[in-house]
Amino acid sequence: MFEAVPTLLETLVFGRSIERRYKFAPLIKPGLVRRVQQAEFQDTVRWAGQRSSFYRERFQALGIDPRGVRRPADLGDFYTTSADLRARETEDFVCATAQAGFETTGTTARNKRVYFSNEEIRDIGFEGAVGLWNLGLRPEDRVVDAFDYAFWNAGITLLYSLNAIGCFHVIASKLPPEDFYERVKDYRFNVLIVDTAWLVSLTEIAEQRGVWPVKFIMAGSENMAEATRQWIEKVWRAKVYQAYGQTESLGATGVECPAQNGYHLNEVNFQFEILNPNAEGYGELVFTTLTRRVMPLIRYRSNDITRFADEPCGCRLSCMRRIGKIVGRGDEIISCGMGMISPWIFETWFGGAAGLADDWQVAVTQPGPRDVLELRLELQANGDPEALRTELMQRLETQFPYYHKNLKMGLYELRFRFLPRGELRPSGPRRKLRRVVDERLPVGAGVQV
Ligand SMILES: [Zn+2]
């Protein structure tokens with residue numbers, strides 16, 4: 001029966017028209033969004049508390065009466081984590097008949113499963129369509145989608161978005177970039193929606209053999225370094241936009257706007273919080289699903305560190321708040337001889353260095369008494385390892401004097417390991433590469449995401 005019930009926010013304000021939503025979006029007041037979210041939040045907590053054995057048990061154990069919960073803070077320090085999704089059977093979270101299922105990829109053998117109704121996918125697809133419209137996608141455009149479809153939601157959600165817009169599209173799926181290039185060039189696709197790491201390989205081919213006219217490229221599934229984005233935009237002579245999301249949220253919870261300065265959040269389907277923000281506002285992004293009946297998630301810890309972006313972007317979707325770039329994973333902040341380190345530090349340190357390919361990983365190891373940071377760096381085909389090493393050491397001294405000082409003091413050692421392309425990402429581009437890993441821990445003792 002829920003398939004017949006559109007979300008409250010849509011009913012009250014927007015209607016099911018992308019153009020109408022886009023046209024009237026600047027009139028939406030944040031206060032209205034908050035009020036609707038609060039009503040849906042209460043409803044979701046009650047629904048899950050009644051029908052999900054996981055939430056029922058946890059609420060009882062913590063003395064939480066779902067009927068008295070009005071806002072996230074009323075749940076105290078209760079959160080749902082990825083460890084909960086792994087530890088419990090998926091059915092313990094399911095509250096209504098599922099029609100579709102997807103899996104998360106991660107670093108462990110057991111993938112998390114998340115279930116949905118078709119209507120829930122359509123809902124998220126519609127929000128994605130509004131975001132794509134904001135970037136300039138129109139029914140007359142021609143889109144090719146190169147997402148991986150196996151057990152993964154991104155392509156299905158996108159399909160619903162493209163159906164909502166009604167543009168011509170082809171699902172190429174994740175072909176080898178070489179095959180893709182040869183096969184699609186005659187179609188005159190002017191919008192490419194692709195996986196981030198895969199786009200790098202495609203762009204290398206296009207740089208050699210030529211590009212075709214492209215309106216914009218949307219890259220999903222992983223954070224792209226700004227230097228990489230600038231190179232891809234130069235080759236294609238087109239803007240490259242990014243989306244942010246997880247399988248648990250059914251794809252994009254946020255999408256960039258023309259300003260390319262943060263992701264507009266989908267506040268129609270989710271309520272967001274930043275957990276334990278530091279002085280600059282950075283903390284872990286937490287979301288509650290507001291419109292899902294099959295497998296609602298309450299205060300789900302994304303494990304991604306970001307902050308709400310305050311500066312105006314000037315686009316029509318400004319009523320939907322933005323978050324900044326993801327600066328790290330919650331469990332990738334590591335204390336070691338170098339200091340407190342996170343992927344953000346290395347992205348800044350390595351960004352744009354000559355000869356360095358897109359993928360790298362930093363491992364904290366401890367072969368002797370001292371921490372050793374092993375920099376695993378994939379080289380471009382013509383990359384010179386010695387020149388890269390020299391450049392990075394100079395950058396460390398000028399950009400991060402604190403970490404350089406710790407090195408001079410012998411608090412840690414640096415080791416460079418240069419690798420051919422593709423070495424670090426064994427299972428294909430859509431697996432998230434862990435940028436910083438702590439290998440001092442005994443096997444199996446690390447936090448798994
Ligand atoms: Zn904007």
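Now for a look at the structure at hand. Every value quoted in this text rests on a predicted model; they were computed, and no experiment measured them.

Here we look at the overall build of the chain
Turning to step 1, where the next piece is worked out: The helix and strand inventory of the chain stands at 13 helices and 21 strands.
Turning to step 2, where the next piece is worked out: Pairs at least 24 apart in sequence give 68% of the contacts found in the chain among residues at least 6 apart.

Focus: the packing of helix 11 (residues 343-350) against helix 12 (residues 385-399)
Turning to step 1, where the next piece is worked out: Where helix 11 meets helix 12, the closest approach of the two axes is 9 Å, and the angle between their N-to-C directions is 120°. Crossing of helix 11 against helix 12: the hand is right-handed. For the pair helix 11 and helix 12, the contacting residues are T348, W349 and F350 in the first and L392, R395, L396 and Q399 in the second.
Turning to step 2, where the next piece is worked out: Its residues assigned to classes, the contact of helix 11 with helix 12 comprises 4 nonpolar, 2 polar and 1 charged.

Focus: the nonpolar core
In globular proteins that are soluble, nonpolar side chains generally tend to be buried together.
Turning to step 1, where the next piece is worked out: By size, the foremost hydrophobic cluster in this structure holds 74 residues, and its most contacted members are A129, I165, V194, L199, I217 and M295.
Turning to step 2, where the next piece is worked out: Broken down by element, this core gets its largest block of residues, 7 residues, from helix 6 (residues 118-134).
Turning to step 3, where the next piece is worked out: Membership of the second largest hydrophobic core comes to 11 residues, among which are I341, F346, V362 and V437.

Some remarks on unusual backbone geometry
Turning to step 1, where the next piece is worked out: One non-glycine residue with positive phi stands out, namely Q260, at about 50°.
Turning to step 2, where the next piece is worked out: Since 14 C-beta atoms lie within 10 Å of it, Q260 is described here as partly exposed.

Side note on the environment of L250
Turning to step 1, where the next piece is worked out: Considering the arrangement of structural elements, one finds L250 in the loop between strand 7 (239-246) and strand 8 (251-256).
Turning to step 2, where the next piece is worked out: Judged by local crowding, L250 falls into the buried class, with 29 C-beta atoms found within 10 Å.
Turning to step 3, where the next piece is worked out: Along the sequence, L250 and E120 sit 130 residues apart, while their C-alpha atoms lie 8.9 Å from each other.
Turning to step 4, where the next piece is worked out: Leave out the neighbours within four places in its chain, and L250 touches F116, E120, I121, I124, N153 and T157.

What counts and what doesn't
- Residues numbered from 1 in each chain as written.
- Predicted model: local features only at pLDDT ≥ 70, side-chain atom pairs only at ≥ 80, totals over all residues.
- Helix = DSSP H or I, 4+ residues; strand = E, 2+ residues; numbered from the N terminus.
- Contact = placed C-beta atoms within 7 Å.
- Axes fitted to C-alpha atoms, helices over the stretch in contact; angles between N-to-C directions.
- Left-handed = near helix turned anticlockwise from the far one by under 90°.
- Nonpolar A, V, L, I, M, F, W, Y, C, P; charged D, E, K, R; others polar.
- Core = buried A, V, L, I, M, F, W, Y, C linked by C-beta atoms within 7 Å.
- Buried ≥ 20, exposed ≤ 12 C-beta atoms within 10 Å, placed from the backbone.

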